[in-house]
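A closer look at the structure
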Amino acid sequence: MSTIDHFENKSAPLVDGKEEYTITVYAENRIGLLNRIAIIFSKRKINIESLNTSPSEIEGIHRFNIVIHEGYEVVRKLARQIEKQIEVLKVYFNTNDEIIWQELALYKVSTDEIAEKVTVERLLRQYGASAVVIRKDYTVFAVTGHKEETDALIAALEPYELIEFVRSARVAIIKDSAGFHEKLKEFEAIEPGEELVENEFLEKGAKIFTM
């Protein structure tokens, strides 16, 4: 499938420096696509900070959220290169203030520590943690938020037998986007598909092919 459209930030950063960008890719979920996208980054020696794939609002179309730390021009060129992949329909790239995003973090801590120390329970309430699993030997808590928030809770729990920690990749929604459905409608209005032309020889095979 060919590229439909390409969206860029309305204005480039005022300073020529690096910042965090979220690249959003709408694509058909085909085998090998993720590997080809990863190669685009590795060839440029760009580290992917976070990568998430999930179904999108359109059936059969997947959404990739890729987080990198780079300059505007580099990100713009990356987005255009990703769009050249045949399965890719559309690519956006946005700074953090242009998106709404969250990450999920899980923390495994000693149940005894939580039961004995009121400080731990207070910390978990402060960060909006909810219990996912409670066992005699450990308890698992879940927190959603930004990286800075989940990192802060790691530091706070370290003195209280933090056994294990894991954080998901970023999920993000673009603030000013009207949705991919609308972009598809715009594209169809600009470049409507060809009308179906009935074959004039249909059902006349006997006459046409008779010697």
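A short tour of the structure in this document, coming up.

A word on the environment of Glu83. Secondary-structure assignment places Glu83 in helix α2 (residues 72-83). For the pair Glu83 and Ala27, spaced 56 residues apart in sequence, the C-alpha to C-alpha distance is 9.3 Å. Within the structure, the side chain of Glu83 is placed 3.4 Å from the backbone nitrogen of Val91, a separation counted as a polar contact.

This brings us to the side chain of Ser56. With respect to the secondary-structure elements, Ser56 resides in the loop between β3 (50-55) and β4 (61-70). Residue class for Ser56 comes out buried when judged on its relative accessible area of 15%. There is a polar contact of 3.1 Å between the side chain of Ser56 and the backbone nitrogen of Ile58. At a separation of 2.8 Å, a polar atom in the side chain of Ser56 contacts the main-chain carbonyl oxygen of Ile61. In this structure Ser56 touches Tyr26, Ile61, His62 and Arg63, once residues within four positions along its chain are discounted.

What follows concerns the pattern of salt bridges. Inspection of every chain in the model, using the stated rule, returns 10 salt bridges. Where Glu164 meets Lys108, a salt bridge forms, and the shortest distance between an N and an O atom there is 3.3 Å. Separated by 56 residues along the polypeptide, Glu164 in strand β9 (residues 162-167) and Lys108 in strand β6 (residues 99-110) bring together distant segments of the chain. Put simply, Arg167 and Asp151 hold a salt bridge, and the shortest N to O gap is 2.7 Å. Note that Arg167 is positioned in strand β9 and Asp151 in helix α5 (residues 147-157), a separation of 16 residues in sequence. When its relative accessible area of 26% is taken as the criterion, Arg167 is described as partly exposed. It is possible to trace a salt-bridge network through shared partners that takes in Glu103, Lys147, Asp151 and Arg167.

What follows deals with the packing of aromatic side chains. Going through the model one piece at a time under the given rule, you end up with four aromatic pairs. Plain terms: the ring middles of Tyr26 and Tyr92 are 6.3 Å apart, the flat faces sit at 75° to each other, and that makes the pair edge-to-face. Taken as a pair, Tyr26 in strand β2 (residues 19-28) and Tyr92 in strand β5 (residues 88-95) lie far apart in primary sequence, 66 residues in all. No difference in accessibility class separates Tyr26 from Tyr92, as the two residues are buried. Here Tyr107 and Phe165 contribute two aromatic rings whose centre-to-centre distance is 5.1 Å and whose plane-to-plane angle is 45°, an arrangement assigned as tilted. Here Tyr107 is found in strand β6, whereas its partner Phe165 is found in strand β9, with 58 residues between them in sequence. Exposure remark for Tyr107: the relative accessible area of 0% places this residue in the buried category.

Quick notes on the rules
Residues numbered from 1 in each chain as written. Predicted model: local features only at pLDDT ≥ 70, side-chain atom pairs only at ≥ 80, totals over all residues. Heavy atoms only, no water. Helix = DSSP H or I, 4+ residues; strand = E, 2+ residues; numbered from the N terminus. Polar contact = N/O pair within 3.5 Å; in protein donor to acceptor, adjacent residues only side chain to side chain. Buried < 20%, exposed > 50% of the residue type's maximum accessible area, 1.4 Å probe, protein only. Contact = heavy atoms within 4.5 Å. Salt bridge = Lys/Arg side-chain N within 4 Å of Asp/Glu carboxyl O. Phe/Tyr/Trp six-rings, centres within 6.5 Å; stacked < 30°, edge-to-face > 60°.

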